[in-house]
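# Remarks on the overall topology
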Amino acid sequence: MTTLDETSPEVPVVLNDEDPGEGSTEVATGLGGLNKRVLSWGLVGLGSVFTVGGVLWQHQFDHSGVKDLPIIIAMIGIGLVVYGVTGLLSRGAATDVLTFTPAKAKSFALDNAIILAMLGFVVALCIIKPNFMQVNVIADILMQSSPKMFIALGVSFSLIIAGTDLSAGRLVGVSAVVVATLIQKVDYPNKFWPDLGEWFIVWPILIAIGVCALFGLLNGFLVAQFKMHPFIATLAVQVIAYGAVSLYFAKPPTNGQPIGELRSDFTALGQTKLLEGENWAWLDNWLGTNFRGLSILVVYALVACVAIAFVLNKTTFGKNVYAVGGNPEAAKVSGVNSYVTILIIFVLGAVMYAFGGIMEAARTGGATNNYGNGYELDAIAACVVGGVSLAGGIGKVKGIIIGVLTFQIIAYGLVFISVNAYYQQIIKGIIIAVAVALDLAKYNRR
Amino acid sequence: MTDTLLQMNHITKTFPGVVALDDVSLTVERGTVHALMGENGAGKSTLMKCLFGIYREDSGEILLDAHPVVINSAKQALDLGISMIHQEPHPVRFRSVAENVWLGRFPQLIPGVVNHRKMREMTQELFKRVDLDIDPDTTAGELSASVFQLVEIAKAISYDAKIIIMDEPTSSLTEAEVGHLFEIINRLRDEGIAIIYISHKMEEILKIADEVTIMRDGKRVGTWPASELTTDLIINRMVGRELTNRFPPRHERRSDEVVLKVEGLTATSPRSFTDVSFELRKGEILGIGGLVGAQRTELVEAIFGLRGIASGTIYKDGQVIRNDSPKTSKKHGIALLTEERRATGIIPMLSVCDNTVIANARRYARGFVISEVQRHEAAEQEVRDLRIKTPSTDTEIADLSGGNQQKVLVGRWLLTDPEILILDEPTRGIDVGAKYEIYTLIQNLTRQGKSIIMISSEMPELLGVSDRIMVMCEGRVAGFLNDPSEFSQVEVMRLATSFMTQQSEKEAA
Ligand SMILES: Nc1ncnc2c1ncn2[C@@H]1O[C@H](COP(=O)(O)OP(=O)(O)OP(=O)(O)O)[C@@H](O)[C@H]1O
Ligand SMILES: [Mg+2]
């Protein structure tokens, strides 16, 4: 019938170039076409060199001045190898020809501006304070990002349908309080429910998730049934949830004292450290430092990322979410049940916040009704920095991970070099503005 | 032979202030193509949306295979074997073509989990069936409107429906593609599928339809076998009055003053236009012809400053100008009516009046205050001139019929009073009566010394309105037809395919 009108993918990136007369002629053949397979093998090779080099440096040469840098290099090497291998396995590896042009380099830089800026920031930190190059620092950052990851993943669904979920933070509080009140030590005299026995650990957790899911259902119902903007619907639920949990929290006999003395089998869920202890002494030896372990929270967060990526990319529901967000009219005329999709979006989000709250309660060994306050805005900011579009239809788990880590690295790094906390706020704000501006520039150029 | 598949009886549908359908009945036989015709706003789309479950009729009944059915959602319609190509395409822009096609019914590995491999294969198979060469993984937003329209056609067919509604499927297609669509339609008809076909193009209707139902102002005028109809009869029954000419007479102006000169214009993107040169004289209408993919839209967008230029020069009144944004173009007195009006033109929440005057609101301003009275006067003038069917100028534009939205946008650019007006498919989706009004307005502009560039894929329009025609093929200028007396469809087609390689020629045929 026709050949595909091929102009659009090759859109001129040099729109509004200062000198359209000359200079912007593409040197498409300049560096030649590089096969994607060749590039991937290159990555694997480079990664291997890094890995081996790092390990050698660690054991054969002096690295006292640069802390754990050799290990970190080795870890980066492993990352490159993995990335290269996935490249080799991807479809079209052998056929896709990659060309290098100045325009492409520019668009690459633009597409990955946040990552590049982060790398720059980290390198600067390492130079200012070589102490930053420690595996323990990395483990810390990962641990602190983990609960936030849950909130960000949860809120991303409503962002993809061009909505938002302001109830996220307060639902974290709801779940933390609910679970904490049901899982205090039996012999603790000042218990929230004085007569409560020792429940099987799963029940309190399920109840916390269930309560949050109900609030999520209310969110979804308001949005789907009344076509209410999610901003308003979830604002209402946010306020209701806080009021409700505060009432519960303030009930006698504890009258609003922070809930503590949680059972150790529960706190272990949040405080367990992996790769640490007597069995792992050899690791400390091998690393040459005292590795304080990797929090189990990181494992949860990883599982959550994989699960949500699966839901978004592989399931009917996930694809419907993108369709409802990208073009609601198209979803409707294609027979997608938008009503149910919206309900699930908000319930699923609420379940993710519930997990976040449970993790917070377990990690800190307690809860108050103010847990989670303001988390929703951090989560939305992380998503947006990670490329989730507020206009709907766009968003990837990969981006969300980058967004969450970005904020965590900044926060941690600035504290590390003792920057005044108020500067942090300013920097955070700038990052949001710049990241979104870059992201929009990406979609606006055509 | 009467083998009735669908009966819609006494359908009435009102919107606030409008009776869109007034006791309309429609009977469609199995294995036929049933054309639905009428002016913009006659109620064709509304009737079909009632059948497809997007609107609920106020009263009336729908019988499918003689059984009464209630259709409350598109899903129910699809389940009943009714599919629809919509007047406005609905791309989910950031998702793949395959996902767009199978949305709402993805092939599944286990319940809830999409089988990507199968989806890709099914898409390839489907595209092969309709002879469409698109990678299923292409992002829908990367496709031009006309290519996506082809995807929508393929999608509608893939439901294996008993009834396929086609609401102006060809409005963004070229003649070759229309020919191909007709082959597909003939095949479907032979398989016993009923097709309800809406179009404003007389030639198409007479060629493909078995029966024609004509509507006017929300009422049914009647149904006739296509063999008993002629263009004049259809127009007569549609507009309820005589319409002797389809094109107003050309204005004999012939000034030699060149207002716009383009020299060696080449796009930044290598697959787009190269080395385009032409001159536009004062008071003339330069038509640009060619097939889809001839890069005509890209060319005028570059001239207007929406796309990058690698080399070449643009002269306005003998001076070199550099247009890098629509703003500078406006300063130079150049206006562009874009092809993808829906996406780039309409501001849905605003009223007809706002949408009409938005491009030159300043003209109605005294200091900082915009005169409501003058704005409305201008908008009402435009509504009258173009015979836009709307309850009032305060109606939201989204509530207008597709064709009437187009008219508002044409009106918007006519009101800006530019020196050079570029029109990209100006009468797409507009009924015959209103087309004549638009042509008249264009001729009036040239009489005032304005110059027009008009891209058109509708051959009669290109031949009937232009003073000169430039034909493009694969991004290059294939030739000029300089005198209306030498205009012919054959000559335009010959030029439009002149640079084609064997391969692409076969595809275009
Ligand atoms: N959602 C709506 N709200 C209010 N009025 C509407 C709505 N949809 C259509 N109308 C009105 O109903 C009438 C019929 O519109 P319809 O879209 O059916 O026309 P049409 O015959 O398809 O015209 P076209 O050829 O321009 O597509 C028009 O006057 C239009 O303004
Ligand atoms: Mg219509």
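All values reported here derive from a predicted model rather than from experimental measurement. (Residues numbered from 1 in each chain as written. Chains lettered and ligands numbered in written order. Predicted model: local features only at pLDDT ≥ 70, side-chain atom pairs only at ≥ 80, totals over all residues. Heavy atoms only, no water.)

## Topic: the packing of aromatic side chains
Inspection of the entire model under this criterion finds 14 aromatic pairs over all chains. With centroids separated by 5.3 Å and ring planes inclined at 35°, the aromatic side chains of Phe-247 of chain B and Tyr-439 of chain B adopt a geometry described as tilted. Of this pair, Phe-247 of chain B sits in the loop between helix H8 (231-239) and strand E13 (258-267) while Tyr-439 of chain B sits in helix H15 (residues 432-447); the two residues are 192 residues apart in sequence, bridging distant segments of the chain. On the accessibility criterion, Phe-247 of chain B (23% relative accessible area) is partly exposed. Among the aromatic residues, those joined into a ring-pair cluster are Phe-132, Tyr-412 and Phe-416 of chain A. Over the ring of Tyr-159 of chain B we find Arg-105 of chain B; its NZ or CZ atom is 3.6 Å from the centre of that ring. (Phe/Tyr/Trp six-rings, centres within 6.5 Å; stacked < 30°, edge-to-face > 60°. Helix = DSSP H or I, 4+ residues; strand = E, 2+ residues; numbered from the N terminus. Buried < 20%, exposed > 50% of the residue type's maximum accessible area, 1.4 Å probe, protein only. Lys NZ or Arg CZ within 6 Å of the ring centre and 35° of its normal.)

## Some words on the coordination of the magnesium ion (ligand 2)
Angles at a metal have ideal values that depend on geometry: 109.5 degrees with four tetrahedral donors, 90 or 180 degrees with six octahedral donors. Residues and elements named next belong to chain B. Protein coordination of the magnesium ion (ligand 2) is provided by Ser-45 (OG) and Gln-87 (OE1), with donor distances spanning 1.9 to 2.1 Å. In this pair, Ser-45 is assigned in helix H1 (residues 44-51) and Gln-87 in the loop between strand E6 (82-85) and helix H3 (97-102), connecting sequence segments 42 residues apart. Note on Ser-45: relative accessible area 15%, which makes it buried. Its relative accessible area of 18% is what places Gln-87 among the buried residues. (Donors = N, O, S within 2.8 Å, 3.2 Å for Na, K, Ca; no water.)

## Looking at the domain arrangement of chain B
How big an interface is tends to be reported as the loss of accessible area on association of its parts. Residues and elements named next belong to chain B. By domain assignment, chain B separates into domain 1 (4-91 + 143-239) and domain 2 (258-508). For domain 1 versus domain 2, the distance between C-alpha centres works out to 29 Å. Contact with domain 1, which involves 26 residues of that partner, is made by 26 residues of domain 2. In this assembly, domain 1 packs against domain 2 so that about 2,000 Å² is buried in total across both faces, 55% of it on carbon and sulfur atoms. Between domain 1 and domain 2 we count one salt bridge in total. Across the pair Arg-387 and Glu-39 runs a salt bridge, and its minimum N-O distance is 3.1 Å. Our enumeration of links across domain 1 and domain 2 arrives at seven residue pairs in polar contact (both at pLDDT 80 or more). Elements that contribute at least two residues to the side of domain 1 that touches domain 2 include exactly helix H5 (145-158), helix H6 (175-190), helix H7 (202-208) and H8. For the side of domain 1 that touches domain 2, the element with the most residues is H6, which contributes three residues. For the side of domain 1 that touches domain 2, the residue count by class is seven nonpolar, 11 polar and eight charged. (Domains from an automatic or database assignment. Contact = heavy atoms within 4.5 Å. Buried area = accessible area lost by both parts, 1.4 Å probe. Salt bridge = Lys/Arg side-chain N within 4 Å of Asp/Glu carboxyl O. Polar contact = N/O pair within 3.5 Å; in protein donor to acceptor, adjacent residues only side chain to side chain. Nonpolar A, V, L, I, M, F, W, Y, C, P; charged D, E, K, R; others polar.)

## Focus on the site of ligand 1
Residues and elements named next belong to chain B. Taken together, 22 residues sit near ligand 1, with Ser-45, Thr-46, Gln-87, Ser-401 and Gly-403 positioned nearest. One nitrogen or oxygen atom from the main chain of Asp-399 is found 3.1 Å from an oxygen atom belonging to ligand 1. Within the residue set of the shell around ligand 1, elements represented by two or more residues are strand E2 (18-29), H1 and helix H14 (402-415). Taken together, the residues of the shell around ligand 1 break down into six nonpolar, 11 polar and five charged. Split by domain, the residues of the shell around ligand 1 number at least three in each of domain 1 (4-91 + 143-239) and domain 2 (258-508). (Near = heavy atom within 4 Å.)

## Re the pairing of strand E23 (residues 468-473) of chain B
All names here are of chain B. When you tally the buried positions in E23, you get six out of six residues, the bulk of the element. Side-chain alternation along E23 places Arg-468, Met-470 and Met-472 on one buried face and Ile-469, Val-471 and Cys-473 on a second face that is also buried. Sheet topology note: the strand E15 (residues 285-289)/E23 ladder contains four bridges and is parallel. Looking at E23, one finds that Ile-288 is bridged to Met-470. What sits between the antiparallel neighbours E23 and strand E24 (residues 476-481) is a turn of two residues, in which Glu-474 has the positive phi angle 50°. (Pairing = 2+ DSSP bridges.)

## A look at the confidence of the model for chain B
Residues and elements named next belong to chain B. Counting all residues, the mean pLDDT for chain B is 88, and 95% of those residues have values of 70 or more. The model gives residues 505-509 a pLDDT under 50, and that stretch makes nine contacts with residues more than four places away or in other chains. With a pTM of 0.84, the predicted complex shows an ipTM of 0.82. (pLDDT = per-residue confidence, 0-100.)

## As for the packing of helix H11 (residues 296-314) of chain A against helix H12 (residues 316-326) of chain A
In a pair of packed helices, the angle between the axes and the distance between the axes together describe the arrangement. Residues and elements named next belong to chain A. Orientation of H11 relative to H12, taken along the N-to-C sense of each, is 70°, at an axis distance of 5 Å. In terms of axis orientation, H11 runs roughly perpendicular to H12. Every residue of H12 that contacts H11 at Val-311, Leu-312, Asn-313 and Lys-314 is listed here: Thr-316, Phe-317, Gly-318, Lys-319 and Tyr-322. In terms of residue class, the contact of H11 with H12 is built from four nonpolar, three polar and two charged. (Axes fitted to C-alpha atoms, helices over the stretch in contact; angles between N-to-C directions. Parallel < 35°, antiparallel > 145°, perpendicular 65-115°, else oblique.)

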